[in-house]
Amino acid sequence: MSLIKLYGTPMATCTVRVLLCLEEVGAKYELVPISMPTGEHKSPAHLARNPFGQIPALQDGDLTLFESRAIARYVLHKFKGQGPDLLREDNLSDSAMVDVWLEVEAHQYNPAISPIVYQSLILPRMYGGTPDQTIIDTNLEKLKKVLDVYETHLAKSKYLAGDFFSLADLSHFSYTKYFMATPYASVFNSYPHVKAWWEDFTSRPAFKKVAAGMTSQQ
Ligand code: GS8
């Protein structure tokens, strides 16, 4: 059987989401590097994997997938029984809560935190650009409103979907890790339960391994 191939880069946030899942379940896989600075993600070969010209993409035999959250679920389904149960699909209410907080990550957390990371780290370091402070400030305000909700929730629940670690928590890793390398990291100090949640799950071996392959340059 051919090895699963993950096309992406170990620094890219969405590739990291999938790498974490592969590592959590102990899957064997090959990471095939796609160079964003040279535009390889827009090459015909990569567009055949992801018509939107983005990373990551995953190939497993005849199956080719894109969209990191969908790929993450595929990996966890495929290797169900190996490693921790990050989807909880044997329990309807647990799995519904995993879905809820995955949606929160995609539609509340990510849209607020990603422009801050882009403006303060990626733009200056990868493209030599100047950060737009207005964009950063606007999104810091948005992020604080989101973190207010997380703080209230995490005061009652150890992890986002309940008292178990899940794909919903994992999905927050890459942008939060980069955010912690921005000048705005201290924002988290005002949210003790969020900070404790972050410190708890980032000590997992899979996270340490994947984090070692990330740099703040994306
Ligand atoms: C987003 C992929 C994405 O933005 C997913 O896989 O979850 N919803 C998709 N990938 C980025 C790199 S990761 O920050 C990317 O490929 N950007 C290049 C581009 O959009 O042209």
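Use the structure listed above.
All values reported here derive from a predicted model rather than from experimental measurement.

(A) Region of the structure containing the pairing of strand E3 (residues 57-60). In the sheet, strand E1 (residues 4-8) pairs with E3 via three bridges, with the strands oriented antiparallel. Looking at the pairing, Leu-6 lines up with Leu-58 of E3. Across four bridges, E3 lies against strand E4 (residues 63-66) in antiparallel orientation. Looking across to E4, one finds that Gln-59 is bridged to Thr-64.

(B) Main features of the site of the ligand. Near the ligand you find 14 residues, and of these Lys-42, Gln-54, Ile-55, Glu-67 and Ser-68 are the closest. Within the side chain of Glu-67, an N or O atom sits 2.7 Å from a nitrogen atom of the ligand. At a separation of 2.6 Å, an oxygen atom of the ligand approaches a polar side-chain atom of Ser-68. Bound to the protein, the ligand loses 77% of the 520 Å² it would expose on its own. Grouping the constituent residues of the shell around the ligand by class yields five nonpolar, six polar and three charged.

The rules behind each value
Within each chain, residues carry numbers counting from 1 in the order of the written sequence. Owing to the predicted nature of the model, reporting of local features is limited to residues with pLDDT of at least 70; listing and counting of side-chain atom pairs is limited to 80 or more, with chain, interface and lining totals taken over all residues. Note that water and hydrogens are dropped before the side-chain values are worked out from all heavy atoms of the structure. Paired strands are those between which DSSP finds at least two bridges. Numbered from the N terminus, helices here are DSSP runs of H or I no shorter than four residues, and strands are runs of E no shorter than two. We call a residue near a molecule or strand whenever a single non-hydrogen atom of that residue lies within 4 Å of it. Two N or O atoms count as a polar contact when they lie within 3.5 Å, although within protein this holds only if one can serve as hydrogen donor and the other as acceptor, and sequence-adjacent residues are included solely when both atoms are side-chain atoms. Throughout, the Shrake-Rupley method with a 1.4 Å probe supplies accessible areas, and for residues the shown protein chains are the sole cover considered. Each residue gets one of three labels, nonpolar for Ala, Val, Leu, Ile, Met, Phe, Trp, Tyr, Cys and Pro, charged for Asp, Glu, Lys and Arg, and polar for the others, Gly among them.

These figures capture arrangement, not role.
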